[in-house]
Amino acid sequence: MSIDTVLTIFGFLMVFAPLAAILYNYLVVGDDLITARHLFLLGCSKFFGIAALTTGITGLYRGNHPMSDVLLLFAGTALFFVAFWYAYNHWSIPQKIAIKRWRTSPTVNTASILVVGSIAMFFGLLASVLPVEIPVIGQITNVLGKLLPAASVALFFFCWLRNPVNLIYLAATGAAFLLAIFVALFGAGRHPLFAALIAIPIAWYWAKWRYQRPAATIGRILALGVGAAIVILAYSGFRHDFMGDADSGIAMDRVRQLMKFQLETSGDAESFLQEDAITVSLLCIEEFHRNGDPDYFHTLRFVLSNPIPREIWPEKPQALGESLPESLGEFSDGYVNWGTGIIGNAFHDGGLWMAGIYGLLVGGVFRIFDDILRRQPLNPWPIAMLAAMSPKIVAYSRGDIAIYTVELVGLTVITVIMMKLIKPIFGTASEDEFRMDDDSIPAEHAAD
């Protein structure tokens, strides 16, 4: 059997297995449908499944791979998901950490919601319309700022759904959504646009759909998901018309193009199969296992050194997604950032065993966050945080995980700082205020 055939079979398996796991958890186990874990698994369906089909069907390879490379890819994938499953479902440490975290939140009222939502929207403006030129602060604002308006959308919309008579929340939702879309069009990346669109179903699920029939909930989320996919597909057709930071004129032109809904796809297999994470993962196995040595714990060193400006430390660790194409001379139009795949990152950072370590860490962290959501499902603050993080969680399996880890940690730090600053101003609410009388965590996910 050829490598192409094996990867194609693997691709079909990885397209449907994560989706089946999501439905099983929701319909059989009784878990929530929209969680960090399920957003990650949704991304795995594309960045493992579609990416493997891309490689197998179109023959997209960047190296010369024997069957042993493919078997190592499969072994790394299996080890990662076994460790991920164990950490999320049976590892007691994340559960014990979760039960002690986020026990209080700022009081939820019109003033606190409007203040925080407005601040998040302002950060979006700083990231696009009014870019900050201050070293370090400017980089943080530019990277994270465009995701924060999506948090405002989720925050306002959730609060309006829970209190429909408060039309201030509804008006704020509309303003935040328009700003989030506008801000998202100040660049070629799709993540801010994805965050703005997915903020609506995230808030809707946790505010209302969580308590309704599963069949209806799945249908509604599918409908919104298809709509979001169409919008992103339309945007993909012109997002590279201007590279770099756009201005308001270019952003408005993109709004007009987006409203035309001219889909950039011919409908054939090759236009659909455009994901190369598995291809690059195989290249990492070749470069850092078969023909070279790993750069041990590179991702950890990258994350820890990231706050130090490169102007001060020019030789500080570089993201694999940037250094790999640079070392191979794969610069066609300047800056290139490959999606190395979480398995590719593992082989670069240590080898096959590192895939298991990453599975434990990713599964454990998602368990902590999801337990916080389950424990206080009517708390809009972590729901807004999930909306801002959603594109990074979905794309985490694509990598480069070093960059995405920095961004997720950055959003977490911003949220924690904001919560601490506004508690003395608006008051503090116990987690008990964000529970429903009949709400409980499924037995499968109850903390030990």
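Residues numbered from 1 in each chain as written. Predicted model: local features only at pLDDT ≥ 70, side-chain atom pairs only at ≥ 80, totals over all residues. Heavy atoms only, no water.

J.: I would appreciate a short explanation of the overall build of the protein in the present structure.
T.: On a plain count of helices and strands, the protein comes out with 19 helices and 2 strands. Scored against the burial criterion, the 448 residues of the protein give a buried share of 54%. Only carbon and sulfur atoms are counted for the fraction: they give 65% of the accessible area of the protein, which is about 19700 Å². (Helix = DSSP H or I, 4+ residues; strand = E, 2+ residues; numbered from the N terminus. Buried < 20%, exposed > 50% of the residue type's maximum accessible area, 1.4 Å probe, protein only. Areas by Shrake-Rupley, 256 points an atom, 1.4 Å probe, with all protein chains shown as cover.)

J.: For this particular structure, what's the right way to read the packing of aromatic side chains?
T.: Any pair of aromatic rings gets described here by the distance separating the centres and the angle formed by the planes. Across all of its chains, the model carries 14 aromatic pairs by this definition. Centre to centre, the rings of phenylalanine 157 and tryptophan 204 are 5.2 Å apart; their planes meet at 90 degrees, and the pair counts as edge-to-face. Within this pair, whereas phenylalanine 157 is found in helix α7 (residues 148–162), its partner tryptophan 204 is found in helix α9 (residues 191–207), the two being separated by 47 residues in sequence. Accessibility expressed as a relative area gives 8% for phenylalanine 157, which makes it buried. (Phe/Tyr/Trp six-rings, centres within 6.5 Å; stacked < 30°, edge-to-face > 60°.)

J.: Which parts of the structure should I look at to understand empty space enclosed by the protein?
T.: Counted under the stated rule, the structure contains 2 cavities of 30 Å³ or more. Within this model, the largest cavity holds a volume of roughly 240 Å³. Contributing elements (two or more residues each) for the lining of the largest cavity: α5 (110–127), α7, α18 (380–394) and α19 (401–426). Per-class residue counts for the lining of the largest cavity are 16 nonpolar, 3 polar and no charged. (1 Å grid on protein atoms, 1.4 Å probe; cavity = no way out; pocket = protein on both sides within 12 Å on 5 of 7 lines; lining within 4 Å. Points joined across faces, edges and corners; volume = space filled by probe spheres on them. Nonpolar A, V, L, I, M, F, W, Y, C, P; charged D, E, K, R; others polar.)

J.: How should the nonpolar core be read in this particular structure?
T.: Grouped burial of nonpolar side chains is what soluble globular proteins tend to show. Core analysis: the largest hydrophobic core is formed by 115 residues, its most contacted members being Phe40, Phe48, Phe80, Trp206, Ile278, Leu386 and Ile393. Beyond its immediate sequence surroundings of up to four residues, tryptophan 206 is in contact with Asp32, Ile34, Thr35, Phe158, Tyr211, Leu373, Arg374, Pro377, Leu378, Ile383 and Leu386. Grouped together as the second largest cluster of nonpolar side chains are 7 residues, Val280, Cys284, Phe288 and Leu320 included. (Core = buried A, V, L, I, M, F, W, Y, C linked by side-chain atoms within 4.5 Å. Contact = heavy atoms within 4.5 Å.)

J.: When you look at the confidence of the model for the protein in this model, what are you seeing that I'm missing?
T.: Parts of the model with low pLDDT should not have their predicted coordinates read in detail. Looking at the protein as a whole, its pLDDT mean stands at 85, while 84% of the residues score no less than 70. The model gives residues 265–272 a pLDDT under 50, and that stretch makes 5 contacts with residues more than four places away or in other chains. Below pLDDT 50 for its whole length, residues 440–444 participates in 10 contacts with residues either more than four positions away or in separate chains. (pLDDT = per-residue confidence, 0-100.)

J.: Where do I start with the layout of surface pockets in this structure?
T.: To find the voids left in a structure, one rolls a probe of water-molecule size over its atoms. The computed volume of the second largest pocket comes to approximately 1100 Å³. In this structure, the second largest pocket is lined by 41 residues; those nearest its centre are Val365, Ile368, Leu408, Val409 and Thr412. It is helix α17 (residues 352–375) that provides the largest number of residues to the lining of the second largest pocket, a total of 12 residues. In the lining of the second largest pocket, the residues fall into 31 nonpolar, 7 polar and 3 charged.

J.: Sorry if this is basic, but what is going on with the environment of alanine 384 here?
T.: Within the element layout of this structure, alanine 384 appears in helix α18. C-alpha separation for the pair alanine 384 and proline 149, spaced 235 residues apart in sequence, amounts to 9.6 Å. Sequence-distant contacts of alanine 384, defined by excluding residues within four places in its chain, comprise Ala151, Ala154 and Leu155.

J.: Sorry, what's going on with the environment of alanine 20 here?
T.: Note on placement: alanine 20 falls in helix α1 (residues 3–29). For alanine 20, a relative accessible area of 45% gives the class partly exposed. Along the backbone, alanine 20 and leucine 41 are 21 residues apart, and their C-alpha atoms lie at a distance of 9.8 Å.

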